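Results of the structural survey
Here is what each chain is made of, one letter per residue.
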Amino acid sequence: MKTLTAVSVAISLISGYASAQTIVLTDSEKGIEQGNWQTDSHKLKLAGADFSLRQQVLHGGKQEGSKVITLTSPGGLTIALSPTRGMDILHVNGAGVRLGWDSPVDEVVNPAYINLESRNGLGWLDGFNEMMVRCGFAWTGHPGVEDGTLYTLHGRAGNTPASKVLVEIDEKAPHTVRIRGLLKENTFKKSNLETWTELRYAPGSTSFTIEDSLTNRADYPRDYQIIYHSNFGKPLLEEGARFNAPIKEISPFNDYARAGLKNWSQYQGPTKGFDEMVFNIVPYADAEGKTLAMLSNRLGDRGVSIGFNTHQLPLLTLWKNTDTERQGYVTGIEPGTNYAYPVNIEREQGRIKQLQPGQSTRFALTYTLLQNAQQVKQAEERVKALQGGRDVKLVAQPIAVE
Amino acid sequence: MKTLTAVSVAISLISGYASAQTIVLTDSEKGIEQGNWQTDSHKLKLAGADFSLRQQVLHGGKQEGSKVITLTSPGGLTIALSPTRGMDILHVNGAGVRLGWDSPVDEVVNPAYINLESRNGLGWLDGFNEMMVRCGFAWTGHPGVEDGTLYTLHGRAGNTPASKVLVEIDEKAPHTVRIRGLLKENTFKKSNLETWTELRYAPGSTSFTIEDSLTNRADYPRDYQIIYHSNFGKPLLEEGARFNAPIKEISPFNDYARAGLKNWSQYQGPTKGFDEMVFNIVPYADAEGKTLAMLSNRLGDRGVSIGFNTHQLPLLTLWKNTDTERQGYVTGIEPGTNYAYPVNIEREQGRIKQLQPGQSTRFALTYTLLQNAQQVKQAEERVKALQGGRDVKLVAQPIAVE
Amino acid sequence: MKTLTAVSVAISLISGYASAQTIVLTDSEKGIEQGNWQTDSHKLKLAGADFSLRQQVLHGGKQEGSKVITLTSPGGLTIALSPTRGMDILHVNGAGVRLGWDSPVDEVVNPAYINLESRNGLGWLDGFNEMMVRCGFAWTGHPGVEDGTLYTLHGRAGNTPASKVLVEIDEKAPHTVRIRGLLKENTFKKSNLETWTELRYAPGSTSFTIEDSLTNRADYPRDYQIIYHSNFGKPLLEEGARFNAPIKEISPFNDYARAGLKNWSQYQGPTKGFDEMVFNIVPYADAEGKTLAMLSNRLGDRGVSIGFNTHQLPLLTLWKNTDTERQGYVTGIEPGTNYAYPVNIEREQGRIKQLQPGQSTRFALTYTLLQNAQQVKQAEERVKALQGGRDVKLVAQPIAVE
């Protein structure tokens, strides 16, 4: 195991934020890979801070060679993400609450063992267990064929190992930690989309921010789609748990979900045979586009909120997979540029966006663990304010048929 | 290379058998991977025993990263299996006889380099060279499409790296060694089948037992199918070699095999253009379900038998691939729950089994190397006794058309 | 990092050439993998020679675990090839000229992360960035379905990790270095093609030779096809750069290329929307089959030539991909047994060759970096002599429709 003394650390002034140390964990250009590695605020001589960082290389089964970075802040959050799986967030823990869920897939599957095209484009299901998966960026939704080509479930980003992984730590309190990764979706003649992902966390706090910058490095305009597939099971999800968001309009994804439309804000307990109901939501936001979606438990004393901006992520998918626990009892709260229909439907209905040559775009989401009734209530009041007394329009008819 | 001193060894009382040492070679939950490793009965201070155990990590070509465990018992058997390839048995040697065969695929292919869906579901052929492959457990036979989904040749188990690998060694003579592996066929919404495989061997003996426990960890009933594809080439297989089993009924798998039905018990030498003939067999067994299939050489002084139980594995497939040596001169003696037809045919004909939620089932097979004429004769007499003078019913018509 | 002292070095007399040292970098049979490794002429005590050799294991993104061997000869060439990607040549540098190009795929992608069947057989495009890729050997061209089986773009060789890698260094000046690799395209019942590749280079020179020996190890005749896809971008390729070869006949690959037929020898600068034009060429050669194709820059003072033998490689594909720089501004000069049509067309038109059981065949190509106007001129004169004043027959109609 390498410790910090063996790691190149640079003090650098990075544009846009404070003086910071940068630790390179992975760099495909420079041939750097730290492998098993750890440091902490004490070793880094950051007086007053209390956090540790660790990278582990996993073994066994289909997780052979997968890497996990864990950021631990006693009194705050412990956040685990995987550079091997698109910098996606595996799980977050804090204040006795786990953000995440229990999938039958219980390994951090190395994409080397995944065939996204298997089962007609459902191969992604062989690796799905994250608290947050980036579904994108070249395409995002359910598998579908367009112009004879199969677009596989939820795109490639989540099964793309990061080419570069950096940890940046602010010199000044609260010594904000940024874990950044570079994802390349590059195919000759087809795609040259690169994304710098960032997880940003101020030690001690109970919220963190994901901020991604997607760039089309091609000389041609390129489609992009993104859904931030954010997933929560127990303990937040339970019978009587509630979903809340300021909603302009909500419709069932398909006929099966029609039956659940009226009770969109309520969750069932684990229910055999339930499978999943999905709803398409147009959220309200404030003048700057800021909005909030949230999940709270039955008692209303714990929850999670996701703040995002509708100028970046105008749509919201609500995925209720309240089937049995072993089947994966989980709900997805999924801000996105798109709904989860296949490429051809998203295109027909005009939701696919494009980046011009060299153009970049950013997406930011702030996840906050709500640890008591007061915090839950504050979030609910924020939602209420955004709703502004307007009706939620329930649209009974699905907007598309897969 | 790690030796035993670096390995966690525990003395534990494992339910159902004697006090044993347990050595953990791989554990995906605990992040353990011993990599290159070895021990032996001397280091383990097992007086009177004489065996060694070794795990090697392979390199080069498509076997990069594949692991092989070799259990060597001078005077007994040397058994090689691969945790990377579903704990399947690569080859066994003893008494100057090799159990196994020569495939044009001469590497232990890491499943990371296999695409099971290639060539319309024949990707499995890019890795096939084992003495025993588990064809299962979610499905088992030839590739086929059911409800629009391609079920690839012989399932996924053989290309599933083991998530846990344990070696357990009995404290008491004969210091039986158990090499156990956990295989997970887990896909969100689709599959949650887990199998603990076991290879059990008493040092010095010339037989070993495979005993697998398959569990449906899902909350829904799940199909399962398994064929233990057990393969033998030279020196046992040769012109005049004989297959023997107590047979109630035998039929050709397809029209091509009809020509070979009458001579089901005989083998040809390597024969250009022969390709393969496959036969479906319903074996007889004793009252407890115990039965035996065997292969013996031309002189009848060497052979192999496979003991199994028809309550667990009611069917037997005989695969005669007596083509040229470079093409793969080999026969398969394959106890199973199923024949090797595609999923849709196995379903139509009612051979697919199910496990209820949480239910487990076990399969045990004992392979015995027959080292002289007397042992061959004894096995033949056991088969004869099981046949009990009843006729072998030859069914000329294949029971299905692929 | 291992240095030569840790490497098995043998002085051996290898049939056909001088006494040489052999260094084994990889051997799948013997379990050898040197990983990060280097040596040089000084350590090897080769007086008068000046070169170094290095193998690096890459990290990050989809190049995790890929290996690159770099042969550096100050004053001569620096040649980089990848054992993980079929011993293909990544890039060559010398005299201020780079042979190679800039693909949007900028990592040395480990085939573990490639699915050749994706996008209807275009998965190869996820890894394509080499100066020279072997497109073969079981098939070579565009993806196509024959007898219900998908043959993926450009075959499997380029995504086959070498099973053995040897470096052989002549004891005598000029201490020619041979980097040899064994590629196995082995599939049970389908394929048993093995290729020993060789890159041969005399330190200090500005040319190198590829010489491959392909063997059909099966007991049945097997098809083979090969195209040496040799690719050059900047600085040689530019507006006004010229392609030159002795041509008997040239035709457009498809309708789109018809517009470029007349100007086959000229290149455009980077041109938005150009995509690619491909031309099929029957080259002239001398009585021994020797011929030469070349690319030179606008000023005619730098270039590259490829010498090959039409008895081995009777056909030549010219690929003009003079699209924008980020799209991949590149031309391919591609000697082969075949054109780049799918298998079914190559078969219909009688270009697919076969090897009999045990039969081998060889292919040799010599790449020469032309560093000044005189060398360019000499190569042009060689082409002119081979043309012998005969007309280039322009065939307006594509010989096939994909």
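Now for a look at the structure at hand. (Residues numbered from 1 in each chain as written. Chains lettered and ligands numbered in written order. Predicted model: local features only at pLDDT ≥ 70, side-chain atom pairs only at ≥ 80, totals over all residues. Heavy atoms only, no water.)

**Some details on the side chain of Arg-156 of chain A**
This is how it is decided: Runs of H or I in DSSP of at least four residues are treated as helices and runs of E of at least two as strands, each being numbered from the N terminus. To sort residues, take the accessible area from a 1.4 Å probe on protein chains only and compare it with the maximum for the residue type: under 20% means buried, over 50% means exposed, and anything in between is partly exposed. Residue contacts are defined here by distance: any two heavy atoms, one from each residue, within 4.5 Å place the two residues in contact.
Within the secondary structure layout, Arg-156 of chain A lies in the loop between strand 12 (149–151) and strand 13 (164–170). Since its relative accessible area comes to 13%, Arg-156 of chain A is described here as buried. Ignoring anything within four residues of it in the chain, the contact list for Arg-156 of chain A reads Leu-116, Gly-136, Trp-139, Glu-185, Thr-187 and Ser-191 of chain A together with Arg-119 and Asp-126 of chain C.

**Topic: the relation of the copies chain A and chain B**
The condition that has to hold: Here the copies were fitted onto each other by least squares, based on C-alpha atoms from residues at pLDDT of at least 70 in both.
Laying chain A over chain B is done by rotating through 120° and shifting 0.0 Å along the axis; what remains is an RMSD of 0.0 Å. The symmetry that links the two subunits is that of a three-fold axis. Across chain A, the smallest distance between a C-alpha and the rotation axis is recorded for Ala-112 of chain A, namely 3.0 Å. Here only 8% of the interface residues in chain A have copies in chain B that are interface residues too; the copies meet through unlike faces.

**A short note on helix 5 (residues 373–387) of chain A**
All names here are of chain A. How we decide: By definition here, a helix of n residues has an expected span of 1.5 Å times n minus one. By arc we mean the arc of the directions from the helix axis to the C-beta atoms, nothing more. For this analysis, a polar contact is any N or O atom pair within 3.5 Å, provided that within protein one partner can donate a hydrogen and the other can accept it, and provided that sequence-adjacent residues contribute only side-chain to side-chain pairs.
Across its 15 residues, helix 5 extends 21 Å between first and last C-alpha, which sits within 8% of the 21 Å expected from 1.5 Å per residue. Taken residue by residue, helix 5 has Val-376, Ala-379, Val-383, Leu-386 and Gln-387 as its buried positions. Buried residues in helix 5, looked at end-on, bunch into an arc of 105°, giving them a common side. Set apart from the buried face of helix 5 by more than 90 degrees, the exposed residues are Gln-374, Lys-384 and Ala-385. Looking at the buried positions of helix 5, the neighbouring elements they touch are strand 18 (242–244), strand 19 (247–252), strand 21 (290–296), strand 22 (303–309) and strand 26 (360–370). Taking the backbone nitrogen of Gln-374 as reference, a side-chain oxygen 3.2 Å away marks Asn-372 as the first, capping residue of helix 5. Directly beyond the C-terminal end of helix 5, a positive phi value near 60° is found at Gly-388.

**With respect to the relation of the copies chain C and chain A**
For the pair chain C and chain A, the superposition axis carries a translation of 0.0 Å, the fit reaches an RMSD of 0.0 Å, and the rotation angle comes to 120°. The two copies present different faces, since only 8% of the interface residues in chain C are matched by interface residues at the equivalent positions in chain A.

**Brief notes about the nonpolar core**
For clarity, the threshold we go by: Think of a nonpolar core as a cluster: buried Ala, Val, Leu, Ile, Met, Phe, Trp, Tyr and Cys residues, connected wherever their side-chain atoms sit within 4.5 Å.
Trp-124 and Phe-128 of chain A, Trp-124 and Phe-128 of chain B together with Trp-124 and Phe-128 of chain C are the most contacted members of the largest nonpolar core, which totals 75 residues. If you list the elements that add at least two residues to this core, you get strand 10 (132–137) and strand 23 (315–322) of chain A, strand 11 (132–137) and strand 24 (315–322) of chain B together with strand 11 (132–137) and strand 24 (315–322) of chain C. The contacts of Phe-128 of chain A, once residues within four sequence positions are left out, are Arg-85, Trp-101, Ser-103, Val-105, Val-133, His-229, Asn-231 and Trp-319 of chain A together with Phe-188 of chain B.

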